[in-house]
2 protein chains.
Amino acid sequence: MDRWSRTHEALSQAALSLFAERGYDATGTAQIAERAGVSEMTLFRHFSSKEALLLADPFDPLIADAVRARPVNEQPMRAVVEAVREAWAGLDAESTAALRVRLRMVAAASGLGGAIERNSEETITALIGALADRGVATVTARVAAKAVISGLGVALLDWALSENDCLGDALGRALDVLGGADNA
Amino acid sequence: MDRWSRTHEALSQAALSLFAERGYDATGTAQIAERAGVSEMTLFRHFSSKEALLLADPFDPLIADAVRARPVNEQPMRAVVEAVREAWAGLDAESTAALRVRLRMVAAASGLGGAIERNSEETITALIGALADRGVATVTARVAAKAVISGLGVALLDWALSENDCLGDALGRALDVLGGADNA
DNA sequence: CCTCAATTGTTAGTGACTAACATTAGAGTT
DNA sequence: AACTCTAATGTTAGTCACTAACAATTGAGG
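Rules used in this analysis
Residues numbered from 1 in each chain as written. Chains lettered and ligands numbered in written order. Predicted model: local features only at pLDDT ≥ 70, side-chain atom pairs only at ≥ 80, totals over all residues. Heavy atoms only, no water. Contact = heavy atoms within 4.5 Å. Buried area = accessible area lost by both parts, 1.4 Å probe. Salt bridge = Lys/Arg side-chain N within 4 Å of Asp/Glu carboxyl O. Helix = DSSP H or I, 4+ residues; strand = E, 2+ residues; numbered from the N terminus. Nonpolar A, V, L, I, M, F, W, Y, C, P; charged D, E, K, R; others polar. Near = heavy atom within 4 Å. Polar contact = N/O pair within 3.5 Å; in protein donor to acceptor, adjacent residues only side chain to side chain. Least-squares fit on C-alpha atoms with pLDDT ≥ 70 in both. Phe/Tyr/Trp six-rings, centres within 6.5 Å; stacked < 30°, edge-to-face > 60°. Buried < 20%, exposed > 50% of the residue type's maximum accessible area, 1.4 Å probe, protein only. Lys NZ or Arg CZ within 6 Å of the ring centre and 35° of its normal.

Undergrad: Just checking my understanding: could you explain the interface of chain A and chain B for this structure?
TA: Across the boundary between the two partners, chain A contributes 29 residues, which contact 30 residues of chain B. Summed over both partners, the interface of chain A with chain B comes to about 2,400 Å²; 62% of that surface belongs to carbon and sulfur atoms. Taken as a group, A:Val143, A:Val154 and A:Val177 account for 22% of the area that chain A buries against chain B, more than any other trio of residues on that side. The tally of links between chain A and chain B comes to 4 salt bridges. The partner of A:Asp158 in a salt bridge is B:Arg142, with the nearest N and O atoms 2.6 Å apart. At the level of elements, α5 (76–89), α7 (115–118), α9 (138–161) and α10 (167–179) of chain A are the ones that each hand at least two residues to the side of chain A that touches chain B. It is α9(A) that provides the largest number of residues to the side of chain A that touches chain B, a total of 12 residues. Residue composition of the side of chain A that touches chain B, by class: 15 nonpolar, 8 polar and 6 charged.

Structure (structure tokens):
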């Protein structure tokens, strides 16, 4: 663990604890830097924005590999949907709980609409690449990737706010909708 | 045309002309207010943000009505997709050209990713309402509406940057993908 | 011990956006 | 024409995320 990783971790910890205590909006970047024992400038060298401290890409880039494993002649939307379904199947209880905490903060904060997609750029890019490998046109790939991730973001927020719902079920329902299933 | 509408129009005009001259990023809200002959405070009373000056809801709320006109047992995604297709069919050449200009500014500016969806909240809300009237679950409705609008935003940006492409064709291809067609 | 590059600190600033309160314009009434 | 009352605007002073330029420091390898 080099110096960079240490401060990176310290900043993340400081941010999450402060967000939990006072809420996202009421927490300033200066306070986060102070608790991490670091200057504010350093904070922005490690995280491009304040919201990046809360949403450090919870989505997994292994989704792209799952897309590549789908049947070649499958429709783009369905391929992405099924890939996401498989990729999210193996998520332990601990990560799930942590994700829920983070997403609840997103929901509680004002002005964080679309924050999930904004911080899923890497995942979207990976998805586009995987679809391109299947011979899908670039525009088509971008449309499908963005649509699925955006829809998924809505479902994730809804799940995080609900109390007794299983993540797998919530995602499954959303993916059914996105894939064109007949959910009325 | 009352006073409110006049300043509203003046602000919109001032903003668009300045964006065209110096670009979005290089234009400050103070300059816009000055050219409109108005204080900066008034600007924010008329437009909730700087980007709202560029993206004053180009999407039509009549999309919701088109959803209501779709067959009741149609899948949510397909219903929304087809409704959008119909709603955008009647768009004159002038509006199309103006839309292209605006979207090119969006593409040129930095930090305006997701700006389209952010300013389509009303359309999304309307879509959700229309889907709810069909008996679709609220989560399902939100997922479908958000996914379609997000995917559509990507297609719109791509169309705006391309030179010789017909808007109807571009939208049609995107909607096919979103609806689950077999576009490889 | 020295060097050099990576990492961090300092300072000063920009620009979008907000709050509280004073001021004006303008349509309707008498 | 004077009067009123509300919508609309102005003023001031501020907050806060984020950036640029440059100086200082840490730490690993020679």
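Undergrad: Quick question: what am I supposed to make of the protein's contact with DNA strand D here?
TA: The environment of DNA strand D is formed by 18 residues, the closest being A:Lys50, B:Thr7, B:Thr42, B:Arg45 and B:His46. Near the protein, meaning within 4 Å, the atoms of DNA strand D are sugar or phosphate in a fraction of 56%, with bases accounting for the rest. The side chain of B:Thr42 places a nitrogen or oxygen atom 2.6 Å from a phosphate oxygen of DNA strand D. Measuring from a base nitrogen of DNA strand D, one finds a side-chain N or O atom of B:Arg45 at 2.7 Å. Looking at the surface near DNA strand D, the elements that each hand over two or more residues are α3 (40–46) of chain A together with α1 (3–22) and α3 (40–46) of chain B. Broken down by element, the residue count for the surface near DNA strand D peaks at 4 residues, all from α3(B).

Undergrad: Mind showing me how you'd approach the relation of the copies chain A and chain B here?
TA: Applying a rotation about an axis and a shift along it to one chain copy brings it onto the other copy. Of the two same-sequence chains, chain A is brought onto chain B (RMSD 0.1 Å, axial shift 0.0 Å) by a rotation of 180 degrees. Here the two chains are linked by the operation of a two-fold rotation axis. Among all C-alpha atoms of chain A, that of A:Ala147 lies closest to the rotation axis, at 2.1 Å.

Undergrad: Whenever I open this one, the packing of aromatic side chains confuses me. Can you help?
TA: Any aromatic ring pair is given by two values, namely how distant the centres are and how the planes are angled relative to each other. Residue and element names in this part refer to chain A. Considering all chains together, one arrives at 2 aromatic pairs over all chains under this definition. Judged by centre distance (4.9 Å) and plane angle (55 degrees), the ring pair of Phe19 and Tyr24 falls under tilted. For Phe19, a relative accessible area of 2% gives the class buried. For Tyr24, a relative accessible area of 10% corresponds to the buried category. One cation-aromatic arrangement involves Lys50 over Tyr24; the distance from NZ or CZ to the ring centre is 4.3 Å.

So, to be careful, I would describe these as geometric facts and stop short of saying anything about function.
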